[in-house]
There are 2 protein chains.
Amino acid sequence: MASTSSDRVLRPDNGQRHPLANALRALAMDAVQQANSGHPGAPMGMAEMAEALWTRHLKHNPGDPQWWDRDRFVLSNGHASMLLYALLHLTGYDLPMSELKSFRQRGSRTPGHPEVGHTPGVETTTGPLGQGLTNAVGMALAEKLLADEFNRPGHTVVDHRTWVFMGDGCLMEGISQEAISLAGAWRLGKLCALYDDNGISIDGAVTPWFADNTAARFEASGWRVIGPVDGHDVDALDAALQQARAQHDQPTLVICRTTIGKGSPAREGTAKAHGEPLGGAEIEATKAALDWTAAPFTVPADVAARWDAREAGARAQADWQQRWAAYAQAYPTESAELARRMSGQLPEGFEAEWIAQLAAVQQRAQTAASRKASHNAIAVLAQRLPELLGGSADLTGSNLTDWPGAQAVRGGEPGGRYINYGVREFGMAAIMNGVALHGGLMPFGGTFLTFSDYSRNAIRMAALMRQRVVHVFTHDSIGLGEDGPTHQPVEHAASLRLIPQLDVWRPGDETETFAAWGMALAQTDRPSALLLSRQNLAAQPRSPEQVMAIRRGGYVLSDRPDARAVIIATGSELALAMAAQAQLDARGLPVRVVSMPSTSVFDRQPADYQRSVLMSERPRVAVEAGVTRLWAAYGCCATVGVDQFGESAPGPELMKAYGFTPEHVAQVVAKAVAHAQPQPASASGHEQ
Amino acid sequence: MASTSSDRVLRPDNGQRHPLANALRALAMDAVQQANSGHPGAPMGMAEMAEALWTRHLKHNPGDPQWWDRDRFVLSNGHASMLLYALLHLTGYDLPMSELKSFRQRGSRTPGHPEVGHTPGVETTTGPLGQGLTNAVGMALAEKLLADEFNRPGHTVVDHRTWVFMGDGCLMEGISQEAISLAGAWRLGKLCALYDDNGISIDGAVTPWFADNTAARFEASGWRVIGPVDGHDVDALDAALQQARAQHDQPTLVICRTTIGKGSPAREGTAKAHGEPLGGAEIEATKAALDWTAAPFTVPADVAARWDAREAGARAQADWQQRWAAYAQAYPTESAELARRMSGQLPEGFEAEWIAQLAAVQQRAQTAASRKASHNAIAVLAQRLPELLGGSADLTGSNLTDWPGAQAVRGGEPGGRYINYGVREFGMAAIMNGVALHGGLMPFGGTFLTFSDYSRNAIRMAALMRQRVVHVFTHDSIGLGEDGPTHQPVEHAASLRLIPQLDVWRPGDETETFAAWGMALAQTDRPSALLLSRQNLAAQPRSPEQVMAIRRGGYVLSDRPDARAVIIATGSELALAMAAQAQLDARGLPVRVVSMPSTSVFDRQPADYQRSVLMSERPRVAVEAGVTRLWAAYGCCATVGVDQFGESAPGPELMKAYGFTPEHVAQVVAKAVAHAQPQPASASGHEQ
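The rules behind the values
Residues numbered from 1 in each chain as written. Chains lettered and ligands numbered in written order. Predicted model: local features only at pLDDT ≥ 70, side-chain atom pairs only at ≥ 80, totals over all residues. Heavy atoms only, no water. UniProt positions renumbered as here; feature names shortened; annotations may be inferred. Pairing = 2+ DSSP bridges. Helix = DSSP H or I, 4+ residues; strand = E, 2+ residues; numbered from the N terminus. Axes fitted to C-alpha atoms, helices over the stretch in contact; angles between N-to-C directions. Contact = heavy atoms within 4.5 Å. Phe/Tyr/Trp six-rings, centres within 6.5 Å; stacked < 30°, edge-to-face > 60°. Buried < 20%, exposed > 50% of the residue type's maximum accessible area, 1.4 Å probe, protein only. Buried area = accessible area lost by both parts, 1.4 Å probe. Polar contact = N/O pair within 3.5 Å; in protein donor to acceptor, adjacent residues only side chain to side chain. Nonpolar A, V, L, I, M, F, W, Y, C, P; charged D, E, K, R; others polar. Expected span 1.5 Å × (residues − 1). Domains from an automatic or database assignment. Salt bridge = Lys/Arg side-chain N within 4 Å of Asp/Glu carboxyl O. Least-squares fit on C-alpha atoms with pLDDT ≥ 70 in both. Parallel < 35°, antiparallel > 145°, perpendicular 65-115°, else oblique. Left-handed = near helix turned anticlockwise from the far one by under 90°.

- Looking at an unreviewed UniProt entry, one finds chain A named Transketolase, with Ideonella paludis as its source organism.
- According to the UniProt record, the Catalytic activity (unreviewed entry) comment for chain A reads "D-sedoheptulose 7-phosphate + D-glyceraldehyde 3-phosphate = aldehydo-D-ribose 5-phosphate + D-xylulose 5-phosphate".
- One UniProt comment on chain A, placed under Subunit (unreviewed entry), says "Homodimer."

Shown next as structure tokens:
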């Protein structure tokens, strides 16, 4: 059962017996060669694994890649993209040969790494290693929770599996441990990962840097481990997958001993097979060795017919459709709810309700930390949105991400809507991506803002994949105090704002926090990060129009006739800006206060709205307890911020020491006014 | 041997028998109470572990915290900082009781989490979980490599151990898997980690989210596992540590079954013990239960005397000093070299040599990808700097981080200067931090820039700790081409620049790459990130003065009399800016080209230098293939950049499609000139 590869034996292979697998090999070689770029080794090595799974076990319908109850297939080693494209093409998805011929070319549906939403049949965007496996854990969890909630005796409408292909790179990444640990704890019996154990990574034969006993490692996390099996023996793989499907209480790892670049006389079993085209001569030699005689980008009709999964897929979906119809008749409420959930739409009337909610929150004018305001928002949301799937990376009491009556997700128990992720920020973020990709549940999760660093690439992936995932990042500045610089985010708000397609919110009081939550859920095509304070924030007065204007990301919170400057403030510094304004009033220097809870959203507003808020003819001063670099893009000529690491001390003392006092802000503004020159229009953010 | 905690039995304890451990408990309770903030539970739970290690095994000299051959102690669960401060105080480090009384207060030497360089005896800054353990792997590796290199028969001058305390939080973090996998593969026999297995994390009893068999998991990575032992039985712990010290070929894990908050009648064994003061009444009850009668912040003289390690420490160091003197006599060259290495200084004359090297590189005017230029620089550096310890996260052939004759670090073999980290970016970065903290070796490591996301918090930690670590980040923009948006960094250069105390370089040709390498090594108090291209970059002409000016981070590369605009360019866009300048010349629009390989370094230049380079009275246009937001801080009124995710396509095609052509840059500049208004002085970066 040992999974180390030192005792590996490269077994001879009789290519002729594997025309289906060899079709994958041939297409992978041809496409990589044509692109003069790509990764032939992994597709060639995993060809039989793909044949066994896709022709004998995977439940899918190429004619309807959106069929809810399809199995999910995740290619966690995403550089093997040509394997997936070849599979999608051959089984009958809308991915014609012309797309394979334009592999890695601009505008094609066959990019270098698989991209969800871009290519039919691709379930998640992979490439950054370890995350595909972790997405798959989220998918399998979503399936389980929806099955628990919606299936009824005699009516099994949610019943699919999640399959993963992964390589040693995925297993070396630390996130894989977070994923397997949680999958084991949750006993995700319908998750099956096939490990392409080829003993080779880019730097060579892996044993000097990857000597783990992988079987023992997975067993230590509660997985069932099958194998090693010969990864080039379709029947052996088939038997292993059969075994995996018989398992209900543990996730399964199938260790598949393979040879990278299998079939290539000169390259197989070498790191050189990984990331470059084989070259024309070696492709010829390989095809000859495999007895593959078809022309490039051509598949013999009999082989193509054996791959074609359209009829079988349509039948499978039709069977399910019958079950669904019966379910819809027997359980009209449940079926309508599940249909809504899977559509990703909020309940009818939700937006109007939430607007009323905002008005009520504004009315009660409660002083609260924005993390507490978020807690209050979650409590309201959870009553209305049963699809909410909350959690925290072991900081529930600090992030305040739970709600009254939230049932914990627990291994071996049905249902649950709250996840104790343990101290696993990256895993949490990538699992949330998987849940969102699966559909039917709306994931959010909490940690301290400073540890958004740990999960950063998964946040980026959510943005790239345009998935609605909500990150609750509390303890959002030096204001958290005593925990010190390791825990005090100074560059994090700014650096998250740099990620395209991510909405970052730093609300200034409870109303803005509720507005941010509402916006985060309403944006179905992007993730959001809510940056929340540990410390209390005073409620700000607002007219109903101002309450609505929060949803524009930036708005005038408090104006003065003939305002001579603009203070732009976010989050915990909003009240400070208001206090500075009052001081400046007393000095006879009227200024406008702009609240800017979300630069991301403000940046999407029409230019004339932006100009009307920012008053480009007046000097602007930004006030935010974080690095100041980005504010120049909003035409700020001065800032009150934190361009250094913080230190351990009580929060209020620290804020004062770092200049976050009304006096200091007023002084900076007064100085800016004194030095003011007309601002060129081009210095305002919206025109960058 | 199972390490799950379900079968935990809270054993009764007889406090009176443990006055040494109880002194730690009392001080931790008192300090947290006084601060009204902090974490009493972990120090109280680990008190006997600390007593066993610090009174019976740890080799250290409180009188000289910088003694090279001391054991390293890493508190990976850094929130237990009061345990460490109490230990440092009691054993005789320069940390008086007054410092313990000002725990977590501004200006104290007792911040919320331990900070290296701030408190004598603290070896690394911890708090972000999992990284302390990983730093320790780096320290143990450094010790081994230096011992291999410098010890001689009969002369053992490098011979110390690395000890780690860690909790379940560290083990849940994925980075721990990267660390234990490498420590096992490298067979670091002098590394010993003590696992504070208390079964409790912040969200409660851990089994629902941390059900791993930890013993089996470590054994799967080649560790020797001792225990579980009773973590409150000093003799049992002592025996386990003795066993660990007898181990030479494997790292050791000692599983210590403990009770969080041990001794507190109401809080022990509960999550509530973790992160808040016990309160006056509970402290009284606890002290009564422990039979601890001393006043707060007071330690009975006999207990203090038993803790005092100054004499023993001085003796230990004196013994070593004798061995060192003998070694220095027998091996004068080696001892001088080791002394230099441990001082962190470059060899005498290095800077002058490197300046000559720069001139030679400039002279040869070679077109090369900057990753290849870096490869060339490393080859030269490795000949001169035997302390270089290179590596890559399984991308050696792409990052080009190796050099001719580089010996690989391999488990069970002596020496080595090149590390195949496997696909473990975060682990690599935190191990490099540990190597740098240990001293004697100069770590650098490579991955793709986009995967700096994975290692981001460890990069931040290097900056916070002011450690010289060099990150070689290749494939630095959409210019990498076909691998697509998962692999194309667009926001990464900008977001790294936001980390305080980190130098970011994006060199534009081979000379700038060599200059960046020289600067990165010369900066002993900060990490550097080198952002390097996959694609070829043309060499730029420079005068000797211009070559030297590279080291200012930004400089005028090509000027024109009466220049009417400034183009600021970095990295692969430098040649493009020069081409645009030529086009503008042809149009009769003279412009200056400023090369800005490092905004971080440029920001530290005197304001008048900055102004002289940026010409504040002229419109400025930044050209960089990444997000544009930061350039407004340098007074740029227009940019040519990439404010969106990239896509999969050949690099040159992509660059063209995204506007990186001389024509388009020239057009943007011409438009900026046409719209130019006088720039207010306040819009320039240096005054932000």
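**What to know about the sheet that holds strand E2 (residues 162–166) of chain B**
All names here are of chain B.
Next, step 1: The strand order across the open sheet built from five strands is E1-E2-E3-E7-E6, with neighbouring strands paired in parallel fashion. For this open sheet the edge positions go to strand E1 (72–75) and strand E6 (224–230), each flanked by a neighbour on one side alone. Between one strand axis and the next, the sheet turns through 15° on average, direction left out of account.
Next, step 2: Summarising the sheet, E2 and strand E3 (residues 191–197) pair through five bridges and their orientation is parallel. Directly across from Val164, in E3, lies its bridge partner Ala193.
Next, step 3: Across the sheet, helix H10 (residues 234–245) lies against E2, E3, E6 and strand E7 (252–257), angled at about 170° from E6, the strand it touches most.

**What to know about the packing of aromatic side chains**
Aromatic rings considered in pairs are described by the distance between their centres and by the relative angle of their planes.
Next, step 1: Under the counting rule described, the total for this entry stands at 42 aromatic pairs over all chains.
Next, step 2: Ring centres of A:Phe426 and B:Tyr454 lie 4.9 Å apart, and the angle between their planes is 90°; on these two criteria the pair is classed as edge-to-face. Of this pair, A:Phe426 sits in helix H18 (residues 425–438) while B:Tyr454 sits in helix H19 (residues 452–465), each in a different chain.
Next, step 3: When the ring of B:Trp324 is compared with that of B:Tyr327, the centres are 5.6 Å apart and the planes differ by 40°; the resulting orientation is tilted. In this pair, B:Trp324 and B:Tyr327 are both assigned in helix H13 (residues 310–330), three residues apart and thus about one turn of the helix distant. This pair shows no difference in class: B:Trp324 is buried, exactly as B:Tyr327 is.
Next, step 4: One aromatic cluster in this structure is built from A:Trp67, A:Trp68, A:Trp320, A:Trp324, A:Tyr327 and A:Tyr331.

**Side note on the interface of chain B and chain A**
Accessible area lost during the coming together of the parts is what is often quoted as the interface size.
Next, step 1: On the side of chain A, 104 residues touch chain B, which itself brings 104 residues to the contact.
Next, step 2: Between chain B and chain A, roughly 8,700 Å² of surface is buried when both sides are summed, and carbon and sulfur atoms account for 53% of that area.
Next, step 3: Between the two partners, chain B and chain A, sit 52 residue pairs in polar contact (both at pLDDT 80 or more).
Next, step 4: Considering only residue class, the side of chain B that touches chain A consists of 44 nonpolar, 38 polar and 22 charged.

**Section: the environment of A:Ser543**
Residues and elements named next belong to chain A.
Next, step 1: Mapping Ser543 onto the fold places it in the loop between strand E15 (536–537) and helix H22 (544–549).
Next, step 2: The exposure class of Ser543 is partly exposed, given its relative accessible area of 25%.
Next, step 3: Along the sequence, Ser543 and Ala359 sit 184 residues apart, while their C-alpha atoms lie 9.4 Å from each other.

**Some points on helix H27 (residues 662–674) of chain B**
Residues and elements named next belong to chain B.
Next, step 1: Over its 13 residues, H27 runs 18 Å from end to end, which matches the ideal 18 Å to within 8%, given 1.5 Å per residue.
Next, step 2: Among all positions in H27, only Val665, Ala666, Val668, Val669, Ala670, Ala672 and Val673 are buried.
Next, step 3: Where H27 is buried, its residues touch strand E17 (566–569), helix H23 (574–586), strand E19 (620–623) and strand E20 (636–640).

**Points about the domain arrangement of chain A**
All names here are of chain A.
Next, step 1: Taken as a whole, chain A is organised into domain 1 (5–314), domain 2 (350–537) and domain 3 (549–676).
Next, step 2: Each partner contributes to the interface: domain 2 provides 31 residues, whereas domain 3 provides 35 residues.
Next, step 3: Between domain 2 and domain 3, roughly 2,700 Å² of surface is buried when both sides are summed, and carbon and sulfur atoms account for 60% of that area.
Next, step 4: In this assembly, domain 2 and domain 3 are joined by four salt bridges.

**Quick word on the relation of the copies chain B and chain A**
Next, step 1: Superposition record for chain B on chain A: RMSD 0.0 Å, screw rotation 180°, translation along axis 0.0 Å. Both copies of the chain, as the preceding transformation shows, are related through a two-fold rotation axis. No C-alpha of chain B approaches the rotation axis more nearly than that of B:Gly174, which lies at 1.9 Å.
Next, step 2: Taken as a fraction of all interface residues of chain B, those also at the interface in chain A reach 99%, which identifies the copy contact as same-surface.

**Re the environment of A:Asp603**
Next, step 1: Here A:Asp603 is to be found in the loop between helix H24 (599–602) and helix H25 (607–614).
Next, step 2: Separated by 50 residues in the primary sequence, A:Asp603 and A:Gly553 place their C-alpha atoms 8.0 Å from one another.
Next, step 3: Once residues lying within four places of it in the same chain are set aside, the contact partners of A:Asp603 are A:Gln610, A:Tyr634 and B:Arg629.

**Points about helix H6 (residues 131–150) of chain A**
Next, step 1: Over its 20 residues, H6(A) runs 28 Å from end to end, which matches the ideal 28 Å to within 8%, given 1.5 Å per residue.
Next, step 2: Most of H6(A) sits out of view: 18 of its 20 residues are buried.

**Quick notes on the pairing of strand E20 (residues 636–640) of chain A**
All names here are of chain A.
Next, step 1: With five of five residues buried, E20 is to be regarded as a mostly interior element.
Next, step 2: Across four bridges, strand E19 (residues 620–623) lies against E20 in parallel orientation. In the sheet register, Val621 faces E20, and the bridge partner there is Ala638.

**Some remarks on the UniProt feature "domain: Transketolase-like pyrimidine-binding" (unreviewed entry) in chain A**
Next, step 1: Taking the UniProt record as the reference, the feature "domain: Transketolase-like pyrimidine-binding" (unreviewed entry) is found at residues 368–540 of chain A.
Next, step 2: Spanning residues 368–540 of chain A, this segment combines 38% helix with 18% strand, and its end C-alpha atoms are found 11 Å apart.

**Some details on the pattern of salt bridges**
All names here are of chain A.
Next, step 1: A full pass over the atoms with the stated rule returns 85 salt bridges over all chains.
Next, step 2: Between Asp69 and Lys59 there is a salt bridge, and its shortest N-O distance comes to 2.9 Å. One end of the pair, Asp69, is in the loop between helix H3 (47–56) and strand E1 (72–75); the other, Lys59, is in the loop between H3 and E1, and ten residues separate them in sequence.
Next, step 3: A relative accessible area of 1% places Asp69 in the buried class.
Next, step 4: In this structure, the salt-bridge partner of Arg310 is Asp308, at a minimum N-O distance of 2.7 Å.
Next, step 5: The partly exposed category is assigned to Arg310, whose relative accessible area is 45%.

**A word on the packing of helix H15 (residues 350–364) of chain A against helix H21 (residues 510–522) of chain A**
Residues and elements named next belong to chain A.
Next, step 1: Running from N to C, H15 and H21 cross one another at 165°; their axes reach a closest spacing of 8 Å. On the basis of their axis angle, the class for H15 and H21 is roughly antiparallel. The way H15 lies across H21 gives a crossing that is right-handed. Across the interface between the two elements, Trp354, Gln357, Leu358, Val361, Gln362 and Arg364 of H15 pack against Glu510, Thr511, Phe514, Ala515, Trp517 and Gly518 of H21.
Next, step 2: When grouped by side-chain class, the residues that make up the contact of H15 with H21 number six nonpolar, four polar and two charged.

**Some points on the packing of H6(A) against helix H8 (residues 175–186) of chain A**
Residues and elements named next belong to chain A.
Next, step 1: As a packed pair, H6 and H8 sit with axes 8 Å apart at the nearest point and diverge in direction by 20°. In terms of orientation, H6 lies roughly parallel with respect to H8. As H6 runs across H8, the sense of the crossing is left-handed. Judged by residue contacts, Gln131, Leu133, Thr134, Val137, Leu141 and Lys144 of H6 engage Ile175, Ser176, Ala179, Ile180, Ala183 and Trp186 from H8.
Next, step 2: In terms of residue class, the contact of H6 with H8 is built from eight nonpolar, three polar and one charged.

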